[in-house]
Amino acid sequence: MTIQNKQRYRFSEAPIWNIQREYYEKEGLRAWNNDQVPQYITSNPMIATAYAEMIFGFLQDRSHEEGAVQIVELGAGAGRFAFHVLHELCRLVDYAGIALPSFRYIMTDLALSNVVAWQKHPALQSFIARGMLDFAPFDAVHDTELKLVVSGETISKGDVKQPLVIVANYFFDGIPQELLYVGEGQIYETDVMVEYPENRESLKPSELLTQIALSYEHRRAPAYEEDNYPYRDVIATYQEQLEDSHIVFPVAGLTCLDRLNQLSQAGYLLLTADKGDHLLDNWKFADPPELVLHGSFSLTANYHAIQQVLEQQGALVLFPQHHYENINVGCMIHVDSPESCLQTRLAYRRFVDRYGPDDFYSLKIWVDRNLESMELRHILSFWRLGGHDAEFFIQSTKQISSLLPNALDEEKEDILLGIQIMWSSYYVMEQKYDLALEAGLLLFEMDMYEESKHFLEISVREDEEEIVSTVFYCLAICSFELELVEEALHYLRELIRLEPDHEEARALIQSFE
């Protein structure tokens, strides 16, 4: 690979941001297929439940105020997280049976193709019909209003009486940021030198990101040290406490929050999760950032700066007391008298600070490595802990199958219950697995023929072009066991059509004809 065309840019204006934008606009929802862009850590049922609990707490805290609560998710991606939040939030509201403000969840994204795809997704239709879900294209760097595509409404400055609930997962690390350097008490901007591959015009955005070369040079930036700089106090902290340190500074993220704040008459609640540091010590002697590549790219978010700015504005900011390992979840209550949001704070304490999404993901990494040595009761316990997640089920079906010969009846009943719960909250994406097929085959092994038949028939309907002959055999046996002879014969004939020499199928047909 030949490198050429070396150019210098301010970091926030470097071409990597436009390449990233182009990637998401071109790929649409395909960007999240099979974890091309990682989505599990911020889209699994466990983290969605934590957010649903905090939003439910906030609805309780705002129950004495007029107006609907608007929940705005920035960069909603594949839509799986929004689905799980709404599913759990509706369950909480129905279970509690108490008076709460109405709410509407608004999924936003830069890519219009994503907005169009969400509107058509089968799992979201019931929420749309109930008026609790809408969508809007939103450019976090420029836009000042939300133009909703379902209701046709436009939310502009001061239109919302209640505080906004802003959801921003893997958001602040993926929008343009300034890159500063602190040395001997002075502030420098760190410009980036970009060297392009010779064949840049023929490369896809994801390919180009892997082949450009970045280097950095410092340039004195006294404007950050001026008294009238909007974030002067934070910069002063860095001058006083950091040395030989590189800092990504989220000006675009902070101004986005300011613009969203203008939409409401009462402030906002920010719920955010990212690979981001809120502890100043973690920025000491920091090297220039490395792009974490996954189709697109991401950086470490500067939660410390966001926390400092919002606290100066009167917000109450909550982060875990312990150090995070994989993902840092913050709750920032930017309303009048934020301490009065007791239910919100209690939910954060119970579902994030005490044991939260980062703890769950760390435990899942261990489970992934040790699944083959786990007993059935341990697998079921972890599956329940994760909210009967579909991806963990797919991952564990082989081990579950190997343990079935010695499984207790109660454990088999719990597997069936887990499959039913999982299916009721399953968000279909283009993945490399067939969930209905895997569920049906496992239930077949447990001699649960009626339930197995139900899921296997779903699999056949949804993927008629790639049906495995084993499915027709299992469906035939299920039908025989349920005394549905005509259906059994139909499935046997379908099996023979795929495998003309299947002797057992031919023998079964002859015995009934």
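Preceding this paragraph is the structure being described.
Every residue gets a number counted from 1 within its own chain, in the order that chain's sequence is written. The predicted nature of this model means local features are confined to residues of pLDDT at least 70 and side-chain atom pairs, given and counted, to a pLDDT of 80 or more, with totals for whole chains, interfaces and linings taken over all residues. With hydrogens and water stripped out, all remaining heavy atoms of the structure feed into the side-chain values.

Q: Looking at this structure, how should I read a negative patch on the surface?
A: Patch criteria: residues need more than 30% relative accessible area and no salt bridge. Like-charged residues are merged within 9 Å; nonpolar side chains of Val, Leu, Ile, Met, Phe, Trp and Tyr are merged within 5 Å. For accessible areas, the Shrake-Rupley method is used with a probe of radius 1.4 Å. Any residue's cover is judged against the shown protein chains and nothing else. We count a salt bridge whenever a side-chain nitrogen from Lys or Arg sits within 4 Å of a carboxyl oxygen from Asp or Glu. The convention is simple: Lys and Arg are positive, Asp and Glu are negative, and His and the chain ends are not counted. Just so you know, the charge point we use is NZ for Lys, CZ for Arg, CG for Asp and CD for Glu. Together, Glu184, Glu243, Asp244, Asp287 and Glu290 make up a negatively charged patch on the protein surface. The buried label goes to any residue with under 20% of its type's maximum accessible area, the exposed label to any with over 50%, and the partly exposed label to all in between, with areas taken from a 1.4 Å probe on protein chains only. With relative accessibility at 72%, the residue Glu184 sits in the exposed group.

Q: Sorry if this is basic, but what is going on with the packing of aromatic side chains here?
A: Any two aromatic rings considered together are summarised by their centre-to-centre distance and by the angle between their planes. The rule is short: rings of Phe, Tyr and Trp, with Trp giving its six-membered ring, pair when the centres are within 6.5 Å, and they are stacked under 30 degrees, edge-to-face over 60, tilted in between. Counting across every chain of the model gives 22 aromatic pairs. Taking the centre distance of 6.4 Å and the plane angle of 40° together, the rings of Tyr40 and Tyr361 count as tilted. Taken together, the residues Tyr40 in the loop between helix H1 (15-27) and helix H2 (45-61) and Tyr361 in helix H11 (residues 357-370) connect sequence positions 321 residues apart. Classification of Tyr40 by relative accessible area gives buried; the value is 7%. The exposure class of Tyr361 is partly exposed, given its relative accessible area of 24%. Here the aromatic residues Tyr224, Tyr229, Tyr231, Tyr238 and Phe249 are joined through ring pairs into a cluster of three or more. Charge-over-ring placement is defined geometrically: NZ (Lys) or CZ (Arg) within 6 Å of the ring centre, and within 35 degrees of the ring normal. The lysine or arginine in question, Arg220, covers the ring of Tyr188, its NZ or CZ lying 5.6 Å from the ring centre. Starting at the N terminus, helices and strands are each numbered in turn, a helix being any DSSP run of H or I of at least four residues and a strand any DSSP run of E of at least two.

Q: Please explain empty space enclosed by the protein as it appears in this structure.
A: To locate leftover empty space, one rolls a probe as large as a water molecule over the atoms. Lining residues are those with an atom within 4 Å of a point, where the points come from a 1 Å grid over the protein atoms alone and group into cavities, where a 1.4 Å probe fits but cannot get out, or pockets, open sets with protein on both sides within 12 Å along at least five of seven lines. Grid points are joined across faces, edges and corners, and a volume is the space filled by probe spheres set on the points. Using the criterion set out here, one finds two cavities of 30 Å³ or more in the structure. The volume enclosed by the largest cavity comes to roughly 100 Å³. Surrounding the largest cavity, 15 residues form its lining, Arg80, His84, Ala390, Tyr426 and Tyr427 being those nearest its centre. Among the elements of the structure, helix H3 (80-96) and helix H13 (390-403) are those that each provide at least two residues to the lining of the largest cavity. Residues are grouped as follows: Ala, Val, Leu, Ile, Met, Phe, Trp, Tyr, Cys and Pro are nonpolar; Asp, Glu, Lys and Arg are charged; all remaining types, including Gly, are polar. Its residues assigned to classes, the lining of the largest cavity shows seven nonpolar, five polar and three charged. In this structure, the second largest cavity encloses a volume near 40 Å³.

Q: Just to check I follow, could you spell out the pattern of salt bridges for this structure?
A: Side chains that carry opposite charge are capable of pairing whenever their charged atoms lie near each other. All chains considered together, the criterion is met by 19 salt bridges. With a closest N to O distance of 2.9 Å, Glu375 and Arg377 form a salt bridge. In this structure Arg377 comes out as partly exposed when scored by relative accessible area, which is 47%. Note that Glu457 and Lys453 form a salt bridge whose closest N and O atoms lie 2.8 Å from each other. One end of the pair, Glu457, and the other, Lys453, are both in helix H16 (residues 449-462), four residues apart, so they sit about a helical turn from each other. For the residue pair Glu457 and Lys453, the accessibility class agrees, reading buried in each case. One salt-bridge network, in which partners are shared between bridges, spans Arg8, Arg10, Glu13, Glu178, Glu189, Asp191, Glu217 and Arg219.

Q: Is there a simple way to think about the side chain of His278 in this case?
A: Mapped onto the elements of the fold, His278 is located in the loop between strand S13 (276-277) and strand S14 (292-294). Owing to a relative accessible area of 13%, His278 belongs among the buried residues under this scheme. A distance of 3.0 Å separates the side chain of His278 from the side chain of Asn328, its partner in a polar contact. Excluding residues within four positions of it along the chain, His278 makes contact with Tyr303, His304, Gln307, Phe319, Pro320 and Asn328. Pairing of N or O atoms within 3.5 Å defines a polar contact, subject to two protein rules: one partner must be a possible hydrogen donor and the other a possible acceptor, and residues neighboring in sequence count only if both atoms are side-chain atoms. In this description, contact between two residues means that some pair of their heavy atoms is separated by no more than 4.5 Å.

Q: I tried to follow the sheet that holds strand S4 (residues 133-137) on my own but got confused; where do I start?
A: Read across the sheet, seven strands follow the order S4-S3-S2-S7-S12-S18-S17 without closing on themselves; strand pairing throughout is mixed. Of all the strands in the sheet, just S4 and strand S17 (316-318) have a single pairing partner and so form its edges. Averaged over all neighbouring strand pairs, the angle between strand axes comes to 15°, with direction disregarded. With five bridges connecting them, strand S3 (residues 103-109) and S4 associate as parallel partners. Paired with Ile106 across the two strands is Asp134, which belongs to S4. Fitting a line to C-alpha atoms yields each axis, with helices limited to the stretch in contact; the angle taken between N-to-C directions then spans 0 to 180 degrees. Lying on the sheet, H2 is in contact with strand S2 (69-73), S3, strand S7 (164-169), strand S12 (268-274) and strand S18 (328-334); it crosses S12 at an angle near 170°. When DSSP locates at least two bridges between a pair of strands, those strands are taken to pair.

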